[in-house]
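# Structure at a glance
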Amino acid sequence: GLAGRAERVWDHALVSPSDHTHRYFEAAAALAASVDRAQVDAMAAGLAEVRERGGRLFILGVGGGAGHASHAVNDFRKLCLIESYAPTDNVSELTARTNDDGWDTSFSEWLKVSRLSAKDALMVFSVGGGSREHNVSVNLVNAIERARELGASIYGVVGASDGTLARLADVAIVIDAPPELKTPLVESFQAVV
C-alpha cells in the first residue's frame, strides 16, 4: 500500500540523495564556515546597545524575510528583552498602506508613524538588499534611507554586497551564496544568524 511505497521512497532517499540536495547542503556547510563571526559579534553588540539605551528594534523583510522578521520579533522580545516590531505582522495596515499609497512607501511610512529615532534600530532581512537604480525592493530602500537620515542603527542579513542594505548598514552580514541557490540559502542563513 501507500505506507509501503512511502517507506521504500524514504529508504531510497537515505541511500542516494539527489544532486540538488547534495549541492544545497555542501553550499550551506561552506557558507556556515565562511560567515564573518566578527560581524555577527558586532551586530550582537550593537543590538545590546540598542537595548541598553532603551531603543526599539524594527525588523523588515519581504517573502521569506517577512517570516524571519516575525520570528525574530518574538525572539528579540522574549529572549533578548528588546522592544521589537515588524510591520508585516500587521497585515491590515500593510495592505491598506500598499493599496492607498503604494508598496514603495509601505515600510517608511510605517516607521514614520512609529516615530523611528536615533536611539532605535532597523534590522533588514533581504536577499538582494534593495536597489533604487534597479527598481528592486524600493520599500526596503526607502526605509533604510529614512533610518540613516534619522541616525538609527541599521543591521541586516543579505545576499548581495552591492545593494542599499550592505552599503548603508552599520553591520551587514553578507551571505555569498551560489547564484543558483542564492534565495534559499540566504533566507536560511537569515534564520541562522
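Along each chain, the written sequence defines residue order, and numbers are assigned to residues from 1. The predicted origin of the model limits local features to residues at a pLDDT of at least 70 and limits the giving and counting of side-chain atom pairs to 80 or more, whereas totals for whole chains, interfaces and linings rest on all residues. To get the side-chain values, all heavy atoms of the structure are used, and hydrogens and water are removed first.

All axes here are fitted lines through C-alpha atoms, helices being fitted over the stretch that makes contact, and every angle between N-to-C directions spans 0 to 180 degrees. Secondary structure elements follow DSSP: runs of H or I of four or more residues count as helices, runs of E of two or more count as strands, with numbering from the N terminus. Where helix H2 (residues 19–34) contacts helix H9 (residues 182–192), the axes come no closer than 11 Å and their chain directions differ by 45°. Taken together, H2 and H9 sit at an angle that is classed as oblique. By crossing handedness, the relation of H2 to H9 is classed as right-handed. Taking contact as the criterion, the partners of Tyr24, Ala27, Ala28, Leu31 and Ala32 in H2 are, on H9, Pro184, Leu185, Ser188 and Phe189. The nonpolar class holds Ala, Val, Leu, Ile, Met, Phe, Trp, Tyr, Cys and Pro. Asp, Glu, Lys and Arg form the charged class, and all remaining residues, Gly among them, are polar. Looking at side-chain class alone, the contact of H2 with H9 contains eight nonpolar, one polar and no charged residues. Roughly parallel means an angle under 35 degrees; roughly antiparallel, over 145; roughly perpendicular, 65 to 115; everything else is oblique. What makes a crossing left-handed is the near helix being turned counterclockwise from the far one by less than a right angle; a clockwise turn instead makes it right-handed. Only heavy atoms enter the contact rule, under which two residues are in contact if any of them lie within 4.5 Å.

Turning next to the environment of Val91. Take Val91: it is sitting in helix H5 (residues 91–101). When accessible area is computed with a 1.4 Å probe and restricted to protein chains, residues below 20% of their type maximum are described as buried, those above 50% as exposed, and intermediate ones as partly exposed. Looking at Val91, the relative accessible area reads 52%, which means it is exposed. With 71 residues separating them along the chain, Val91 and Asp162 place their C-alpha atoms 30 Å apart.

Before going further, it helps to examine the pairing of strand E4 (residues 153–158). For E4, a buried count of six out of six residues is recorded, marking the element as mostly surrounded by other parts of the structure. Along E4, one buried face is formed by Ser153, Tyr155 and Val157 and the opposite face, lined by Ile154, Gly156 and Val158, is buried too. Any two strands are treated as partners once DSSP identifies two or more bridges connecting them. Summarising the sheet, strand E3 (residues 121–126) and E4 pair through six bridges and their orientation is parallel. Considered in E4, the bridge of Met123 is made with Tyr155. As a crossover connection, the stretch from E3 through helix H7 (residues 138–150) into E4 is right-handed. Here, the term right-handed applies to a crossover whose path from the first strand over the helix to the second runs clockwise when the strands point away from the viewer.

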